[in-house]
Amino acid sequence: MAPLFPQSPSFHLFKSCLTILCLALFQSDTASSALIMSLRNHHSHPQHRRPMFQTNQSTCALFAGTWVRDDTYPLYQYSSCPIIDAGFNCQMNGRPDSDYLKYRWQPLNCQLPRFDGLVFLSKMRERNVMFVGDSLGRNQWESLICMISAADPQTQTQMIRGDPFSTFKFLEYGLSISFYRAPYLVDIDVVQGRRILKLEDIAGNGNAWRMADVLLFNTGHWWTHKGSLQGWDLIESGGKYYKDMDRLVALEKGLRTWANWVDTNVDITRTRVFFQSISPTHYDPSEWSAGATVAATKNCYGETTPMTEATYPGTYPDQMRVVDEVIREMHVPAYLLDITMLSELRKDGHPSIYSGDLSPVQKANPDRSADCSHWCLPGLPDTWNELFYTVLFY
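Residues numbered from 1 in each chain as written. Predicted model: local features only at pLDDT ≥ 70, side-chain atom pairs only at ≥ 80, totals over all residues. Heavy atoms only, no water.

Engineer: Can you break down the state of the cysteines residue by residue, with the values?
Structural biologist: All told, the structure shown has four disulfides when counted by the stated rule. Disulfide pairing places Cys-60 opposite Cys-110 at an S-S distance of 1.8 Å. Taken together, the residues span a long stretch of sequence, with Cys-60 in the loop between helix H1 (33-42) and strand S1 (65-69) and Cys-110 in the loop between strand S2 (103-107) and helix H2 (117-123) at a distance of 50 residues. Of the two residues, Cys-60 and Cys-110, neither departs from the other in class, the shared state being buried. With cysteine numbering restricted to those in disulfides and following the sequence, the chain has the pairing 1-4, 2-5, 3-8, 6-7. (Disulfide = S-S within 2.5 Å. Helix = DSSP H or I, 4+ residues; strand = E, 2+ residues; numbered from the N terminus. Buried < 20%, exposed > 50% of the residue type's maximum accessible area, 1.4 Å probe, protein only.)

Engineer: Let's hear about the packing of helix H3 (residues 135-151) against helix H10 (residues 380-393): which residues, and what values?
Structural biologist: With their axes 8 Å apart at the nearest point, H3 and H10 run at an angle of 75° to one another. Put simply, H3 runs roughly perpendicular to H10. Facing H3, whose interface residues are Leu-136, Asn-139, Gln-140, Ser-143, Leu-144 and Met-147, H10 presents Pro-381, Asp-382, Trp-384, Asn-385, Glu-386 and Phe-388. Among the residues making up the contact of H3 with H10, the classes are represented as six nonpolar, four polar and two charged. (Axes fitted to C-alpha atoms, helices over the stretch in contact; angles between N-to-C directions. Parallel < 35°, antiparallel > 145°, perpendicular 65-115°, else oblique. Contact = heavy atoms within 4.5 Å. Nonpolar A, V, L, I, M, F, W, Y, C, P; charged D, E, K, R; others polar.)

Engineer: Please give an account of unusual backbone geometry that cites residues and values.
Structural biologist: Across the junction of Tyr-73 and Pro-74, the peptide omega takes the value 5°, indicating a cis bond. Looking at where Pro-74 falls in the secondary structure, it is placed in the loop between S1 and S2. Residue Leu-377 is joined to Pro-378 through a cis peptide bond whose omega torsion reads -5°. Residue Glu-126 is not a glycine yet carries a positive backbone phi of 65°. By the element assignment, Glu-126 lies in the loop between H2 and strand S3 (128-133). In the Ramachandran plot, Ser-352 falls in the positive-phi region, its phi being about 55° despite a non-glycine side chain. Mapped onto the elements, Ser-352 comes out in the loop between helix H7 (340-344) and helix H8 (360-363).

Engineer: Account for the side chain of Gln-276, naming residues and giving values.
Structural biologist: Topologically, Gln-276 is positioned in strand S12 (residues 272-276). Beyond its immediate chain neighbours, meaning those up to four positions away, Gln-276 contacts Gln-140, Leu-216, Phe-217, Asn-218, Leu-337, Ile-339 and Trp-384.

Engineer: Tell me about the pairing of strand S4 (residues 157-160), residues and numbers included.
Structural biologist: Of the pairings in the sheet, the one linking S4 to strand S5 (residues 165-170) comprises four bridges and is antiparallel in character. Its bridge partner being in S5, Gln-158 is matched across the sheet by Lys-169. Counting the residues between successive antiparallel strands, the hairpin from S4 to S5 contains four residues. (Pairing = 2+ DSSP bridges.)

Engineer: Residue-level account of the environment of Asp-233, with values.
Structural biologist: Residue position: Asp-233 is located in the loop between strand S9 (214-217) and strand S10 (234-237). What makes Asp-233 partly exposed here is its relative accessible area of 31%. A sequence separation of 36 residues divides Asp-233 from Leu-197, and the C-alpha atoms of the two residues are 7.7 Å apart. Excluding residues that lie within four positions of it along the chain, Asp-233 makes contacts with Gly-193, Arg-194, Arg-195 and Lys-243.

Engineer: Quick rundown of the sheet that holds strand S11 (residues 240-242)? Include the residues and the values.
Structural biologist: Strands belonging to one sheet form pairs held by backbone hydrogen bonds; the direction of such a pair is parallel or antiparallel. Spatial ordering of the open sheet is given by S7-S8-S10-S11, a layout of four strands whose pairing is mixed. Edge positions in the sheet fall to strand S7 (188-191) and S11, since each has one partner strand and no second. Shown here is a sheet whose adjacent strand axes are inclined to one another by a mean of 30°, direction ignored. Judged from the four bridges that link them, S7 and strand S8 (residues 194-198) form a sheet pairing that is antiparallel. Directly across from Val-191, in S8, lies its bridge partner Arg-194.

Engineer: Please give an account of the pattern of salt bridges that cites residues and values.
Structural biologist: Under the definition given, this model contains 18 salt bridges. The salt bridge partner of Asp-71 is Arg-69, with a shortest N-O separation of 2.9 Å. Take Asp-71: its relative accessible area is 54%, and that puts it in the exposed class. A salt bridge links Asp-70 to Arg-104; the nearest nitrogen and oxygen atoms lie 2.8 Å apart. Placement of Asp-70 in the loop between S1 and S2 and of Arg-104 in strand S2 is noted, with a sequence separation of 34 residues between them. Of the residues examined, Arg-104 reaches a relative accessible area of 22% and is grouped as partly exposed. Through salt bridges with shared partners, one network takes in Glu-252, Arg-256, Glu-325 and Glu-329. (Salt bridge = Lys/Arg side-chain N within 4 Å of Asp/Glu carboxyl O.)

Engineer: Let's hear about the pairing of S5: which residues, and what values?
Structural biologist: Note that S5 and strand S6 (residues 175-181) share six bridges and pair antiparallel. Counted as the bridge partner of Phe-165 is Tyr-180 from S6. Two successive antiparallel strands, S5 and S6, enclose a turn made up of four residues, where Gly-174 displays a positive phi of approximately 65°.

These values are about where atoms sit, not about what they do.
Laid out in structure tokens, this is it:
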């Protein structure tokens, strides 16, 4: 197959197992303290508070800029895109305001080309685009389908839903856009009823990704979950089993396994690789309101406008420092789609209490029920896809 889009000089691409024999082997050891301290020291330097690098600096700092009002947005209507999950469909769920739909991302020194679904369909004819990761990847996957569908609403399509793999096909164009759910990217096996997060094993998931022409990965949120939200019971690393370990250490081990898979299995003459940076949450009003008090509502409910600051309002996430380091050391170029800062400014873009079939009691208690992690559709993920479109084709 011919190469997927010649790479123009404007692109700045970054170069940067064991099976369980018996759970009796379980060890309660914590991860190596030397490795933990090394990571913590490495990631605590003040000069690393901002991203280590910016993408496309030679022509356009795509990910540095401001949000501007634009009444030509949104790019589609929720009522015309039936594939949106109920949890993301804020207007359908009764969100009363709509100004959050009217903002466009404006990079500091260039203009983003307007997304054109017909161009996407034409250029991606007979191709397979695959999103791999957690529900934030699903958020973006659904957004892209809606954006393309709006350009040719009469074209014949097919949705094949599954777990972990779902595919939406634009049949007349031979284009498949898929989502593969793998919140840690690496494998999870169930042994004797226990979920084992295998930090050095990715073969089970990776087999599903081999034939994609464009791969867009994301991970992050699930590595921090604890208690009932934790997605594993034990961690396997180096042939040992742990009840827990430093989460940054675990993330780095998992990402290096993913990076090794990409370096080993991706043919750069036919496949483009992207990594979506960490999507921020907005549960702490002190991030955007200097007057926030201890008694302030601890969620994003009632937020209707973006932050106005043009610079990152908080400390750059520790997880992104790990992502930066791993991607820089890869042999296969992986493009970092750095949506973290621009998304941090959008405290108004979350579903909040408009995230599905919430009861009146739940809606009356946003401190417990507001979703300030995912994003409304239409909404912010449409901008992520405008940036994805720009990097893919320009």
